[in-house]
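Breakdown of the fold
Single-letter residue listing:
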Amino acid sequence: TVSVLYWLGAMPAEQVTAQSFIKNAEARIEAGRKQDALRELHTFFARSSRATFEWSPAIDEFIKLHAKLSIELRDDKCVWDAMSKFRIKFQQLHTLDKFPAVVGAYMGEAQRMLEAARSRAAAASSKPSRTIIGQAVRHMTGASLEALAEERSLEASFSLYHTVMMKCLKAIGMDGTLERFFQFAMEKAFSTYRAAQRPREFMGMCKVLKDHTDILTNVAPPTDSRLADHKTLLLSDKYFADNVQAIMRTKHTQLLAAAELGCWDHVERAMLEVVAIMTEFRRNGRAVPLQLQMQYMHDLKTICYRSKQHAFGAHAAVRYAVQTRLDTEKSAEERTAAATQAVLAVLCVEPASRKATVSIAHDQVKEKQNQLAKAFSVPTPPTRLSLTADLQRYSLLESADADARELFACLNNPQSVSVCQQAAPLLDKLAAREGLESLLAQIKDIAIRSLLSVVSSCFSHVSIKHFMTLVAFFPAEDFATKVEPIIVDVAADANSTTSVAIDDATASVRFDSTASLGNRAVGVESEFSQRLSAAVHNCFAAASASSKSKPVAPRTLAERIEKERTRVSMRAKLCDQRIDKQQEREKLAKEREVQRKAEDLERRQRREEERNEKRREAELRKVAKQVAAQEAVERRRWVIKQCMLKHKGFAAPLDIATLPQEEFAEALSSKLLEFRRKQEMTKESDTTSMDFFERACREEEIPLRQAHEEEVAAANARKFEERRENRRKQHREDWERALATKNRLAKFEEHRYKYESDLGAAIQRVTKLSKRDKEAADLDAFKEARAKMAAKAEDAAPAAAAPKEEAAPAKPAGGAWVPKSKRAA
């Protein structure tokens, strides 16, 4: 294989190509060895050179095959390793724009694997069980054995898909050039989890997006110094438009998915993230396009209606209508429809109650309202009164439909028991339009609640038939299904200003007075008295023929009284605690109001400074224009004076300098031409007299010129003598200075000569000694070499050449070598 040849050295790295690995992998796949095929493909990263990763059809095919095998074999580690290697190679080759294709291949394969698992699970759940055991399992669990197995397989597929998506997002990272693809991958994951109803995986993906957004908005510091340029690239002119569109589209998908999955905390967090992103963009001189802001407000409106947050839904509808008026691409019908929806949304908000609230649940709701207000970038939660003021401020009532305006005038401040009867035909007209069903249903609910408040102030009890006539929205037979739940809700509300009850015995609706628990101390006792009177009425009142209720025993009545007294005492204590907290909240609200006023004042001062700055700039421009005009006039006057100096006798009026440039040039030229024509006409007559005049001037001037030349020559001679004398003095001073320096230096000559002689002698001594040592060493080496040569020659001489061995001559003293010829002598 290619890997073996590479390790054996038979194939260099330059010849390793993706196509060869693909062929080997396909051969292993045909043999049923998919794990070996994936391992063979994975060795491509370690065996290939950087140039091999240049984008080509072979690389594209390699990526698809590797993604298919790794997802099929559920090897998420192999997926991450491949994506990280591809990113490194593409960064080195400066082709990072190809990296989204790599990540997209793995995302696509994971998506196809998940869709196949969902299809198999759906088919298995609908398939009937044929065995007795399968039928028994279906009877106990509600699903067959095949369906349970496919559900387990589907869970594993979701786990793998979530892991692969996490790896893909991590591989993309924070890069301004890849931000759009990061948001696309996040949007794809949100859509998948929304369609499959997977809140757990959805919340995990929201955590990843929050960490990413926190770094973008400077909430959390980046973990890598290389991420510092991410925001610069994201906000650049080249990438900002696409990036902001991708970010807002992802937030759109996230909000809708969170609302559908019931993850309301993540809805709030996503809204806060959008506020932080928009604030960061504005701080850097960027703004989210108006169309994207409108889409965001439309999403918030939809989500608030679904979550029964009608006050914030109305606020979003008002802002959407205002933005629609700013959008030039919207038609008049669309603007009218948006204004109409805003008006109807305001009518869906219940008017604020004047009764103090004392329940713990109310504190939780109020805290939630404050959090939502922060997410909507408003200081306080919107109310019916503030929303109505917004409608009037932005003139949305005038832009709305006539039926909506009439309905708003009817239901805004109801004071008559016929309020529902007046609103019913208007609601029927509006019901014929699309997209208003949920708004109209809530408006009917609010209208019925307002009717209860008005009727309670006029009647002590009303028959159900008469009350349904006043309601006018539903027929009498729909009382139990449509109207009774609203009355029960009003009666169960501890903060309601209307005390209402349904008397089935008399088929009527009864209204009683209610004391406020938070406004005066007797409120608790008053409510206790009301509950006690209701209990005593059942015990001692004469039972009617149609009543089936049984009398209550005295012991039971005593227990109920004791329970009621305990409950009222606990509630009184709770009231005291709530009053303290109410004071704290009022103090906090005052501080917020002071802060808001300070910010408002600062904003006004900033605007005033900006206006003053613009005013100063305008004045400076005006003064600059005046200065430029005055300079132009002065330049033209200078031109006139130069013409008058050049042309003697020429006199031009200075007021022509105030004319524009073209008129000035034309006027000056015409006057100058006129003057020249007059000069030419008088020139011939003046020529003769001028010649005589010039000749006379020359004759009189000759002596003067000669005297002047003599004076100039004498002056030049004097200057020459002065310069020569000065040079002589300077040379004398320089010579004296040099002579003094020479005399000073002569004092050092004796010491210099002595130093040079000592240094020369030392150098000679060192040189002689080194030379002598070298000669002695050379002589010893020469003697040693001659001795060796002589010994070698004696050993080589034959023994027959010497019949009688003579005694060797004595070596001369000193051990010096002597030739044989001299030895014999």
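Residues numbered from 1 in each chain as written. Predicted model: local features only at pLDDT ≥ 70, side-chain atom pairs only at ≥ 80, totals over all residues. Heavy atoms only, no water.

**Points about the overall build of the chain**
Counting its regular elements, the chain contains 30 helices and three strands. Within the chain, the fraction of its 825 residues that count as buried is 33%. Intrachain contacts of the chain at a sequence separation of at least 6 include 68% that bridge at least 24 residues. When the accessible area of the chain is evaluated, it comes to approximately 52,100 Å², of which 55% is carbon and sulfur surface. (Helix = DSSP H or I, 4+ residues; strand = E, 2+ residues; numbered from the N terminus. Buried < 20%, exposed > 50% of the residue type's maximum accessible area, 1.4 Å probe, protein only. Contact = heavy atoms within 4.5 Å. Areas by Shrake-Rupley, 256 points an atom, 1.4 Å probe, with all protein chains shown as cover.)

**Describing the packing of helix α2 (residues 18-30) against helix α3 (residues 34-42)**
Their axes nearest at 7 Å, the elements α2 and α3 cross at an angle of 170°. One way to sum up the angle between α2 and α3 is to call them roughly antiparallel. Counted together, Phe21, Ile22, Asn24, Ala25, Arg28 and Ile29 of α2 and Lys34, Asp36, Ala37, Glu40 and Leu41 of α3 form the full contact between these two elements. Taken together, the residues of the contact of α2 with α3 sort by class into six nonpolar, one polar and four charged. (Axes fitted to C-alpha atoms, helices over the stretch in contact; angles between N-to-C directions. Parallel < 35°, antiparallel > 145°, perpendicular 65-115°, else oblique. Nonpolar A, V, L, I, M, F, W, Y, C, P; charged D, E, K, R; others polar.)

**Thoughts on the environment of Ala122**
Its place among the elements puts Ala122 in helix α7 (residues 99-126). The exposure class assigned to Ala122 is partly exposed, which follows from its relative accessible area of 46%. Along the backbone, Ala122 and Glu151 are 29 residues apart, and their C-alpha atoms lie at a distance of 9.1 Å.

**Points about the packing of helix α24 (residues 464-471) against helix α25 (residues 479-492)**
Packing of α24 against α25 leaves a shortest axis separation of 12 Å and a crossing angle of 85°. With respect to α25, the axis of α24 lies roughly perpendicular. Only Phe479, Val483 and Ile487 of α25 make contact with α24, whose side of the interface consists of Ile464, Phe467 and Met468. Residues that form the contact of α24 with α25 fall into these classes: six nonpolar, no polar and no charged.

**Details of the sheet that holds strand β1 (residues 461-463)**
Strands sit in the order β1-β3-β2 across an open sheet of three strands; the sheet is antiparallel. For this open sheet the edge positions go to β1 and β2 (499-503), each flanked by a neighbour on one side alone. Shown here is a sheet whose adjacent strand axes are inclined to one another by a mean of 20°, direction ignored. Of the strand pairs in this sheet, β1 and strand β3 (residues 508-512) are connected by three bridges, and their pairing is antiparallel. What sits directly across from His461, in β3, is Arg510. Across the face of the sheet, α24 comes into contact with β1, β2 and β3 while running at roughly 85° to β1. Most of the contacts of α25 go to β2, to which it runs at about 140°, and overall it touches β2 and β3. (Pairing = 2+ DSSP bridges.)

**Observations regarding the pattern of salt bridges**
Applying the stated criterion across every chain, the model contains 37 salt bridges. Ionic contacts of the salt-bridge type, sharing partners, join the residues Glu155, Arg198, Arg200 and Glu201 into one network. (Salt bridge = Lys/Arg side-chain N within 4 Å of Asp/Glu carboxyl O.)

**Description of the side chain of Thr388**
By secondary structure assignment, the location of Thr388 is in helix α19 (residues 384-393). Note on Thr388: relative accessible area 9%, which makes it buried. Excluding residues within four positions of it along the chain, Thr388 makes contact with Val346, Phe408 and Asn412.

**Section: the packing of aromatic side chains**
This structure, assessed with the given rule, holds seven aromatic pairs. Ring geometry for Phe62 versus Phe86: centroids 6.4 Å apart, planes at 55°, classification tilted. With Phe62 in helix α5 (residues 57-72) and Phe86 in helix α6 (residues 76-93), the pair connects residues that are 24 residues apart, well separated along the chain. This pair shows no difference in class: Phe62 is buried, exactly as Phe86 is. Over the ring of Phe99 we find Arg87; its NZ or CZ atom is 5.6 Å from the centre of that ring. Sitting over the ring of Phe158, Arg198 keeps its end group 4.2 Å from the ring centre. (Phe/Tyr/Trp six-rings, centres within 6.5 Å; stacked < 30°, edge-to-face > 60°. Lys NZ or Arg CZ within 6 Å of the ring centre and 35° of its normal.)

**Concerning the confidence of the model for the chain**
Confidence in the prediction for the chain averages 78 pLDDT; 81% of positions are at 70 or higher. Here helix α1 (residues 2-8) stands out as the element of the chain with the lowest mean pLDDT, 38, in contrast to helix α17 (residues 332-347), whose mean of 89 is the highest. Across residues 514-549, confidence stays below pLDDT 50; counting only partners more than four residues off in sequence or on other chains, it has 44 contacts. (pLDDT = per-residue confidence, 0-100.)

**Some remarks on the environment of Gln293**
On the secondary structure map, Gln293 appears in helix α15 (residues 290-306). Taking the C-alpha atoms as reference, Gln293 lies 8.4 Å from Met248; in sequence the two are 45 residues apart. The contacts of Gln293, once residues within four sequence positions are left out, are Met278, Val288 and Gln323. Only 2.8 Å separates the side chain of Gln293 from the backbone oxygen of Val288, close enough to count as a polar contact. (Polar contact = N/O pair within 3.5 Å; in protein donor to acceptor, adjacent residues only side chain to side chain.)

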